[in-house]
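Structural characterization, general
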Amino acid sequence: MAQSLELLLIQFLMPDNDARRQAEEQIRRLARDPQVVPALVHHLRTAKTPNVRQLAAVLLRKKITSHWPKLPPHAKASLKQALIDSITLDNSHLVRRASANVVSIIAKYAVPAGEWQELLPFLFQCSQSPQEEHREVALILFSSLTETIGTTFQSHLNDLQPILLKCLQDETSSRVRIAALKAVGSFIEYVNEGGDIVKMFRDFVPSILNVSRQCLANGDDDVASIAFEIFDELIESPAPLLGDSVRSIVQFSLEVCSNQDMEINIRQQAIQIISWLVKFKASFLKKNKLIVPILQVMCPLLTETANEDEDSDLAADRSAAEVIDTMAINLPRHVFGPVLEFASVNFRHVNPKYREAAVTSLGVVSEGCSEHFKDKLEECLKVVLEALKDQEQMVRGAASFALGQFAEHLQPEILSHYESVLPCILNALEDPSDEVKEKSYYALAAFCEDMGEDILPYLEPLICRLVISLQSSPRNLQETCMSAIGSVAAAAEQAFIPYAEKVLEMMKGFMVLTKDEDLCARARATEVVGIVAMAVGRTRMEAILPPFIEAAISGFGLDYSELREYTHGFFSNVAEILDDSFSQYLPHVVPLAFSSCNLDDGSAVDIDDADGVDNGFSGVSSDDDDDDEPRVRNISVRTGVLDEKAAATQAIGFFALHAKSAYAPYLEESLKILIKHSGYFHEDVRLQAIISLKRNIFPSPL
């Protein structure tokens, strides 16, 4: 087999795709025979080219799990020695790493069985070798072995600490420093709640910071990136691994995120560390007076402008705004004063980016610092309303956003200022910038929703302006405009009757759109009809509702979760105004609600294939017989489906409440769904299920 396998390995590395495919198929067939192991070992040690040796190691890693139990003792011993020789003697970095990966897999089975007692002493010896290659590969193995025999290392951590510290400070090799950083990070999950091990990790932090500063000065951002990943793990660990080093980590992170000469990716990581510290170590930041220093960096970051070739999601100004928002939520009393000072100093700055940042900062903290705004609302509102008239579009857009945030989070105090706010919003709706208009519609929607009868003097100009905009604006503005119309209708209630017919007729046109790019507008229109129906009441709506209900039902034939979500809300409103007359629609709408409630929410795991191969060997890694265990990295969920589930769960409660006895045929299935959703992992779905169950329609489950 050895000779034929050598030819296949060489053929697999040829540039000809057909030759590669043929070789891969034959290698796959040969790899089912346990004799492939000694053959691959032979080529790992004797092949002339590094690529062939590396490929031999890769194949060993893929197949050793299934073949190891079948190997006789002498073959196992020969394999282990060959791997040790490859790690220490091979002159190729890639071959050494590939061999180390095989060691990690074998150790999973051999070490617990007492079949490789010499492995750890060898690694300790290697990690202190004068040869850079030996130190590096030993550290790489320490990292990878934590995934397979991590608990074995717990009793050796005290011996490992001085080695890792020394390697972190290795002045001759950046590769050793990087490997040491990764090794430190891999041991974090094995730290207990306290004791000497916690102190050991605290001792690592100064060295990690020193290494990172040195490497950043040399332009080696990758090392600092690894350091931030470790800080991330340290912050999230349940063990108190940071101690007083939090101050040093904050200082370092602020240095990095404020340095505009660095790449945005590394700055983004630094900003994220600050964000995690705010979430998990807020009391420490407060105790050590670190809040103001953080804000003194984060607020000016709001003035930055992303380059055209940069991902806007990584922009420093956006990330800084998220950190300030998190700080306001977690530390409102300590955040409001410095942010207000920043806004007051800069809202008339000669540079428009500073004026924009001043107004943005107030909008960002309005949710978390809502209680502290009460005494300063007039002062803050003055800043925002002045900015709404700024000559620069960016400043007016930021002011519209801030005004919307005020309207959303500073209720009811903000409503007492309607006489100064509403005229300014009306003027902003005439802005030449579509971006400013869109944010102004958002501000109007948030402001008007709870105004009640105070909106009446403004009703005529508002509706006229919104109807004209709806007829002449591009689609994205039409969507936000419809949200504003809904809020005005909800506030005006019966006073909206003179405008209802015109608005409903316009909504009818939107509710028959079927193109993908129009479905968001259709969803908004469906929502508006339900709101208008609630505002003007059953007497005005009952006779004209059937075509709207028919259009809403037909929307379920379109694959758009947001449309289904808004349609369930529409049906909830219709059920409320029609009361028992809604029973005629139950056979049509209840199955739709059940269907949404039973949707797969798309929960998924992101698998990190630890067997990824270097240098184009990925074809081999698709082996059907692969027995290696994948690692779960994170969970993802389709949030649109969660919103749809929540709306459908709410609708079930409204249907039962208002249709009364006519709902009896659906009661059993409804109870099953609601009881199931009352323990759902997402709070929005869980809340709607519990509210529906608590209604007097469903007393028995509680």
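Parameters and conventions
- Residues numbered from 1 in each chain as written.
- Predicted model: local features only at pLDDT ≥ 70, side-chain atom pairs only at ≥ 80, totals over all residues.
- Heavy atoms only, no water.
- Axes fitted to C-alpha atoms, helices over the stretch in contact; angles between N-to-C directions.
- Helix = DSSP H or I, 4+ residues; strand = E, 2+ residues; numbered from the N terminus.
- Parallel < 35°, antiparallel > 145°, perpendicular 65-115°, else oblique.
- Contact = heavy atoms within 4.5 Å.
- Nonpolar A, V, L, I, M, F, W, Y, C, P; charged D, E, K, R; others polar.
- Expected span 1.5 Å × (residues − 1).
- Buried < 20%, exposed > 50% of the residue type's maximum accessible area, 1.4 Å probe, protein only.
- UniProt positions renumbered as here; feature names shortened; annotations may be inferred.
- pLDDT = per-residue confidence, 0-100.
- Polar contact = N/O pair within 3.5 Å; in protein donor to acceptor, adjacent residues only side chain to side chain.
- Phe/Tyr/Trp six-rings, centres within 6.5 Å; stacked < 30°, edge-to-face > 60°.
- Lys NZ or Arg CZ within 6 Å of the ring centre and 35° of its normal.
- Disulfide = S-S within 2.5 Å.
- Core = buried A, V, L, I, M, F, W, Y, C linked by side-chain atoms within 4.5 Å.
- 1 Å grid on protein atoms, 1.4 Å probe; cavity = no way out; pocket = protein on both sides within 12 Å on 5 of 7 lines; lining within 4 Å.
- Points joined across faces, edges and corners; volume = space filled by probe spheres on them.

Looking at an unreviewed UniProt entry, one finds the chain named Importin N-terminal domain-containing protein, with Triticum urartu as its source organism.

1. Section: the packing of helix α26 (residues 475-492) against helix α28 (residues 519-536)
Axis separation between α26 and α28 bottoms out at 9 Å; the angle between their running directions is 10 degrees. Between α26 and α28, the angle falls in the class roughly parallel. For the pair formed by α26 and α28, the contact residues are R475, E479, M482, S483, I485, G486, A489 and A490 on the first element and C520, A521, R524, A525, V528, I531, V532 and A535 on the second. The class makeup of the residues in the contact of α26 with α28 is 11 nonpolar, 2 polar and 3 charged.

2. Some words on helix α27 (residues 497-510)
For α27, which comprises 14 residues, the first-to-last C-alpha distance of 20 Å matches the rise-based estimate of 20 Å (1.5 Å per residue) to within 8%. Among all positions of α27, only Y499, A500, V503, L504, M506, M507 and F510 are buried.

3. Observations regarding the UniProt feature "repeat: HEAT" (unreviewed entry) in the chain
Here the UniProt feature "repeat: HEAT" (unreviewed entry) sits at residues 160-193, 380-418 and 421-459. Measuring from the first to the last C-alpha atom of residues 380-418 gives 15 Å, for a span that is 67% helix and 0% strand. Counted over residues 421-459, helix gives 62% and strand 0%. Its end C-alpha atoms are 14 Å apart.

4. Concerning α28
The terminal C-alpha atoms of α28 lie 26 Å apart, and with 18 residues this matches the ideal 26 Å at 1.5 Å per residue to within 8%. When you tally the buried positions in α28, you get 15 out of 18 residues, the bulk of the element. Positive backbone phi, approximately 95 degrees, marks G537, located one or two places after α28.

5. A short note on the confidence of the model for the chain
Mean pLDDT over the chain works out to 85, with 90% of the residues at or above the 70 mark. Taken together, the stretch residues 604-616 has pLDDT below 50 and engages in 33 contacts with residues farther than four places along the chain or on a different chain. Every residue in residues 618-637 scores below 50 in pLDDT, and together they form 53 contacts with partners more than four places removed in sequence or on other chains.

6. A word on unusual backbone geometry
The amide bond that connects Q411 to the next residue, P412, takes the cis arrangement and shows omega of -5 degrees. Mapped onto the fold, P412 is located in the loop between α22 (393-409) and α23 (418-428). Backbone geometry places K289, a non-glycine residue, at a positive phi of 55 degrees. Structurally, K289 can be placed in the loop between α15 (282-287) and α16 (291-301). In this structure K289 comes out as exposed when scored by relative accessible area, which is 68%.

7. Some remarks on the environment of W116
Position of W116 among the secondary structure elements: in the loop between α6 (93-110) and α7 (119-127). C-alpha of W116 to C-alpha of A270: the two residues are 154 residues apart in sequence and 42 Å apart in space. Sequence-distant contacts of W116, defined by excluding residues within four places in its chain, comprise K80, I84, V103, I106, A107, A110 and V111.

8. Observations regarding the side chain of S99
Inspection of the secondary structure puts S99 in helix α6. By relative accessible area, S99 is classed as buried at 0%. A polar atom in the side chain of S99 sits 2.6 Å from the side chain of S86. What S99 contacts, discounting residues up to four positions off in sequence, is L44, A57, L83, S86 and I87.

9. Some details on the packing of aromatic side chains
Overall, the coordinates contain 13 aromatic pairs when judged by the stated rule. Seen from their ring centres, Y418 and Y458 are 6.2 Å apart, and the 90 degrees between their planes marks the pair as edge-to-face. With a gap of 40 residues between them, Y418 in helix α23 and Y458 in the loop between α24 (434-448) and α25 (459-472) connect regions that are remote in the sequence. Each member of the pair, Y418 together with Y458, is buried. Here the guanidinium or amino end of R20 rests over the ring plane of F12, the centre of that ring lying 4.8 Å away.

10. Observations regarding the state of the cysteines
Taken as a whole and judged by the stated rule, the model has 0 disulfides. Free of any disulfide, C369 has its nearest cysteine sulfur in C380, 9.8 Å distant. Residue C369 is classed as buried on the basis of its relative accessible area of 0%. With no disulfide of its own, C481 lies 12 Å from the sulfur of C448, the closest cysteine sulfur.

11. Details of the nonpolar core
In terms of nonpolar packing, the biggest core is built from 245 residues, with F231, M298, F496 and F655 touching the most fellow members. For this core, the leading source of residues is helix α11 (residues 196-217), giving 10 residues. What F655 contacts, discounting residues up to four positions off in sequence, is F571, S572, A575, F582, L586, V589, V590, A593, K660 and Y663. Core analysis: the next-biggest nonpolar cluster, separate from the first, contains 5 residues, L519, L558, L563 and Y566 among them.

12. Notes on empty space enclosed by the protein
Counted according to the given criterion, the structure contains 2 cavities of 30 Å³ or more. Each pocket or cavity is described by its volume, and for the second largest cavity that value is around 30 Å³. Taken together, L5, I27, A31, V36, L40, L59 and K63 make up the lining of the second largest cavity. Those elements that place two or more of their residues in the lining of the second largest cavity are α3 (36-46) and α4 (50-67). Partitioning the lining of the second largest cavity into residue classes produces 6 nonpolar, no polar and 1 charged.

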